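What follows is the residue order along each chain.
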Amino acid sequence: MKVDVQLTDENNAYLIKNLLPLYLYDLSGHYDRLPNAHGIYEENDDCRTLSEQYEVQNIWWEKPPGILFPYLISANGIPAGFIRVATPPYCNKGIDYFVNDFFLIQSLRGQGIAELAATMVFQQFRGNWELFTNPSAKNVVGQRFWRKTVSKYTNGNYMEEFGETFDGHKLIFRFNNLA
């Protein structure tokens, strides 16, 4: 399978925006979340339609270049997922790159596509990286994925800990790829 990871711009942002509801639905199983009063997977009832949810994502394409990096993952030319990477001021002090979101459609999981895509994005930037994942037993697969992917990418030279983040209690991975 041919895997491609491409930075999106406002002309093809719709591809990631179209995948976002699938990602949020996927997360709902890890966090026991229900949709809001309007049937949208958002934290509050302010978002009433998928169109409104679609527009909220514009920040990823409105910031100046070099701050937010929304990557589309394609498999054999088909949109298959996304990786959104943030830089300061959208990450913790001392962190250069933060994996804000990572998603691959379920039918393509377990084939090495996600690991390859993550590695391709890591190779784009050199510095201190951080990513979080849900630490609960419902996300053992996600935890195993990140542990395997980061360990392989860094040859075991990374830090892993449970801790409080701006997004609650998480399993945190940190590494640098400066060498």
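In short, a report on the structure. If you're wondering where the values come from, they're calculated on a predicted model, not measured in any experiment. (Residues numbered from 1 in each chain as written. Predicted model: local features only at pLDDT ≥ 70, side-chain atom pairs only at ≥ 80, totals over all residues. Heavy atoms only, no water.)

### Remarks on helix α5 (residues 140-154)
- For α5, spanning 15 residues, the distance from its first C-alpha to its last is 21 Å, which sits close to the expected 21 Å at 1.5 Å a residue.
- The set of residues buried in α5 consists of G142, Q143, W146, T149, V150, Y153 and T154. Summarising the axial view, the buried residues of α5 lie within an arc of 140°, below the 170-degree limit, and thus occupy one face. Opposite the buried face of α5, by more than 90 degrees, sit the exposed residues V141, R144, K148 and K152.
- For α5, the secondary structure elements touched by its buried residues are β4 (97-104), α4 (113-122), β5 (128-133) and β7 (168-176). (Helix = DSSP H or I, 4+ residues; strand = E, 2+ residues; numbered from the N terminus. Expected span 1.5 Å × (residues − 1). Buried < 20%, exposed > 50% of the residue type's maximum accessible area, 1.4 Å probe, protein only. Arc of directions from axis to C-beta. Contact = heavy atoms within 4.5 Å.)

### What to know about the pairing of β5
- Within β5, 5 of the 6 residues are buried, which leaves the element mostly enclosed by the surrounding structure.
- For the handedness criterion, the β-α-β arrangement of β4, α4 and β5 is classed as right-handed.
- Taken together, the 6 bridges between β5 and β7 define a ladder with antiparallel strand orientation. Bridge pairing in β7 places N128 opposite N176. (Right-handed = clockwise from strand over helix to strand, strands pointing away. Pairing = 2+ DSSP bridges.)

### A look at the packing of α4 against α5
- Running from N to C, α4 and α5 cross one another at 45°; their axes reach a closest spacing of 10 Å. As judged from the angle between their axes, α4 and α5 are oblique. Seen along the crossing, α4 lies across α5 with a hand that is right-handed. From α4, A114, E115, A118, T119 and F122 reach across to α5, where they touch F145, W146, K148, T149, K152 and Y153.
- Residues belonging to the contact of α4 with α5 are distributed by class as follows: 6 nonpolar, 2 polar and 3 charged. (Axes fitted to C-alpha atoms, helices over the stretch in contact; angles between N-to-C directions. Parallel < 35°, antiparallel > 145°, perpendicular 65-115°, else oblique. Left-handed = near helix turned anticlockwise from the far one by under 90°. Nonpolar A, V, L, I, M, F, W, Y, C, P; charged D, E, K, R; others polar.)

### Thoughts on the sheet that holds β4
- Ordered by their spatial adjacency, 7 strands build an open sheet running β1-β2-β3-β4-β5-β7-β6, and the pairing between neighbours is mixed. With partners counted over all chains shown, the strands left at the sheet margins are β1 (3-7) and β6 (159-165), one partner each. Across the sheet, the mean angle separating the axes of adjacent strands is 30° when strand polarity is ignored.
- Looking at chain direction, strand β3 (residues 78-86) and β4 are connected through 6 bridges and run antiparallel. For V85, the partnering residue across the bridge sits in β4 and is V99.
- Lying on the sheet, α5 is in contact with β4, β5, β6 and β7; it crosses β7 at an angle near 15°.

### So, the packing of aromatic side chains
- Enumeration according to the criterion identifies 20 aromatic pairs in this entry.
- Ring centres 6.5 Å apart and planes at 70° place the aromatic pair Y71 and F125 in the edge-to-face group. In this pair, Y71 is assigned in strand β2 (residues 68-75) and F125 in the loop between α4 and β5, connecting sequence segments 54 residues apart.
- When its relative accessible area of 5% is taken as the criterion, Y71 is described as buried.
- On the basis of relative accessible area, F125 is assigned to the buried category, the value being 12%.
- Three or more aromatic residues link up through ring pairs in this structure, and these residues are F69, Y71, Y97, F122, F125, W129, Y153 and F175. (Phe/Tyr/Trp six-rings, centres within 6.5 Å; stacked < 30°, edge-to-face > 60°.)

### Examining the pattern of salt bridges
- In this structure the tally under the stated criterion is 8 salt bridges.
- Its salt-bridge partner being D101, residue R84 comes within 2.7 Å of it at the nearest N-O pair. Here D101 lies in strand β4 and R84 lies in strand β3, a separation of 17 residues in the sequence.
- For E160, the salt bridge goes to R147, with nearest N and O atoms at 2.5 Å. (Salt bridge = Lys/Arg side-chain N within 4 Å of Asp/Glu carboxyl O.)

### So, the pairing of β2
- The buried count for β2 comes to 8 of 8 residues, which makes it a mostly enclosed element.
- The pairing of β2 with β3 spans 8 bridges and is antiparallel. Along β3, the bridge assignment pairs A75 with I78.
- Two successive antiparallel strands, β2 and β3, enclose a turn made up of 2 residues, where N76 displays a positive phi of approximately 50°.

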